[in-house]
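Close look at the chain arrangement
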Amino acid sequence: MGHAAADSGHNLDCDIAILGGGLAGGLIALAVHRARPDIRLRLIDADSVLGGNHIWSFFEGDVDAAGMALIEPLITHRWDNYEVRFPAHSRTLQMAYHSIRSDQFDSVLRETLPGDAIQTGVRVASASDDHVVLEDGREIAANAVIDCRGAGDLDTLDSGWQKFVGLELELTAPHSLSRPIIMDATVDQIDGYRFVYSLPFGPQRIFVEDTYYSDEPELDAETIEQRVLDYAKAQGWDVASIVHREKGVLPVVCNGAFGEYWRSTGAVPKAGVRAGLFHPVTGYSLPEAVRSALFIADHADLPGEPLHGRLFARAAQGWRDASFYRMLDAMMFYGADTANRYKILERFYRLKPALIARFYAGRSRATDKLRILSGKPPIPIRRGMGAILKNQRRKSGRK
Ligand SMILES: Cc1cc2nc3c(=O)[nH]c(=O)nc-3n(C[C@H](O)[C@H](O)[C@H](O)COP(=O)(O)OP(=O)(O)OC[C@H]3O[C@@H](n4cnc5c(N)ncnc54)[C@H](O)[C@@H]3O)c2cc1C
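My aim in this report is to walk through the structure given alongside it, one point at a time.

Conventions we followed
Residues numbered from 1 in each chain as written. Predicted model: local features only at pLDDT ≥ 70, side-chain atom pairs only at ≥ 80, totals over all residues. Pairing = 2+ DSSP bridges. Helix = DSSP H or I, 4+ residues; strand = E, 2+ residues; numbered from the N terminus. Axes fitted to C-alpha atoms, helices over the stretch in contact; angles between N-to-C directions. Contact = placed C-beta atoms within 7 Å. Near = placed C-beta within 6 Å. Nonpolar A, V, L, I, M, F, W, Y, C, P; charged D, E, K, R; others polar. Domains from an automatic or database assignment. Expected span 1.5 Å × (residues − 1). Buried ≥ 20, exposed ≤ 12 C-beta atoms within 10 Å, placed from the backbone.

**Here's the deal with the sheet that holds strand β13 (residues 181–184)**
Ordered in space as β6-β5-β13-β14-β15-β12-β16, the seven strands form an open sheet in which the pairing is mixed. If you trace the sheet from one side to the other, it starts and ends with β6 (90–93) and β16 (239–256), each paired once. Ignoring strand direction, the axes of neighbouring strands in this sheet form an average angle of 15°. Seen against the sheet, helix α8 (residues 323–335) touches β12 (157–171), β15 (205–214) and β16 and runs at an angle of roughly 105° to β16.

**Quick notes on the site of the ligand**
The ligand sits among 31 residues. The nearest are G20, G22, G248, G272 and Y284. Of all the secondary-structure elements, those providing two or more residues to the shell around the ligand are α1 (23–35), β2 (41–45), β3 (55–59) and β16. Classifying every residue of the shell around the ligand by side-chain character gives 13 nonpolar, 12 polar and six charged. Of the domains in this structure, domain 1 (14–76 + 98–152 + 265–321) and domain 2 (155–254) are the two that each give at least three residues to the shell around the ligand.

**Observations regarding α1**
Under the 1.5 Å per step criterion, the end-to-end length of α1 is 18 Å for 13 residues, consistent within 8% with the ideal 18 Å. Counting buried positions along α1 yields 11 of 13 residues, so the element is predominantly enclosed. Taken together, the buried positions of α1 are occupied by L23, A24, G25, G26, L27, I28, A29, L30, A31, V32 and H33.

**Details of the environment of I344**
Examined against the element boundaries, I344 turns out to sit in helix α9 (residues 342–348). Of the residues examined, I344 has 21 C-beta atoms within 10 Å and is grouped as buried. For the pair I344 and R149, spaced 195 residues apart in the sequence, the C-alpha separation amounts to 33 Å.

Following this line, the structure appears as structure tokens:
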């Protein structure tokens, strides 16, 4: 390993050091521990809790049986189907939807992993593939380091933005919603493609999130929070209290240099959004985080350097496979008038449920791609392609 730990008291040397106990890091720890309890893990997070303050959701079709077995104990809510609403049509789709809350994520990890594996309130200063320096000066030698500390340099990517503010509301009386509304795009179209997402957690408990596919990353949380409350009022939901808040700004990647993005955080094995492992259209990273965790558990003995090579090759392949989705993002952001962006989704949601499921899972077939692009698209396709090429030229001129 070649590095002595300059330990002040507690030696943190280990087989695998996972930096960042968010979604990706936590799932890796869980998967490695399940498969190989003999492996000495350290899961290190700057925050006092694992997983931050999130509700992560996913479609059942996004995760295979092995993945479901891994995350089953983390799931806090499940529904058999979901709904979408657009000005021209509404629809219920028969696909189960699940949510994981970060507080449950934190407690399952603490119950499952050995006590000394979890190091919270500890900030990492720097890392290589077998060595970590903490901000308090301590050092860790490891057979492999996996960096899961969130996004890399997003300036290496060309993106629009998915931004949102969500409020979990306790109501004074039951709502009548029996399933999630994944997109309610019947709302006023402001700042790009806007929709409201609602998850009924209990008879009087509902999570309502106002989301924008916007050109700009700035988030006016106060204004959007008020729009969430206005939406609730318009649905006839009388709010007793706000019990939880969350917000986010996620890149919706249209184009970019994957190698540059990867190198922006060094030649260290990595996972999660830091490894570019998120769906280009939805920004969802949970399905890929589950797959990576299982992959890493299968390669838990690899030293840092070869593990880095394997993870880079896998992520780069995933990036190439996702080019179709980035093209759709580019068509939305550069081809469609902001007020008409919703029509792309309105039309998409008329397609077959199996095609929609494969799209969310990032596994669209060639025939699905043709189907998505065929017919009469809501934006002229040549204009969309022209906008993409123009943007690519602008981007390459910038470098
Ligand atoms: C509010 C919100 C809701 C989302 N909802 C969904 C969803 O429903 N479904 C879905 O699939 N995706 C969702 N996403 C997108 C994506 O899945 C999440 O952002 C996901 O948490 C990314 O996982 P990650 O492990 O890569 O990063 P994170 O979960 O952000 O984890 C990074 C961790 O690294 C830690 N860290 C950072 N710097 C340091 C340091 N120097 N030292 C030590 N620790 C450090 C942070 O404290 C954090 O815990 C959501 C994103 C947000 C912001």
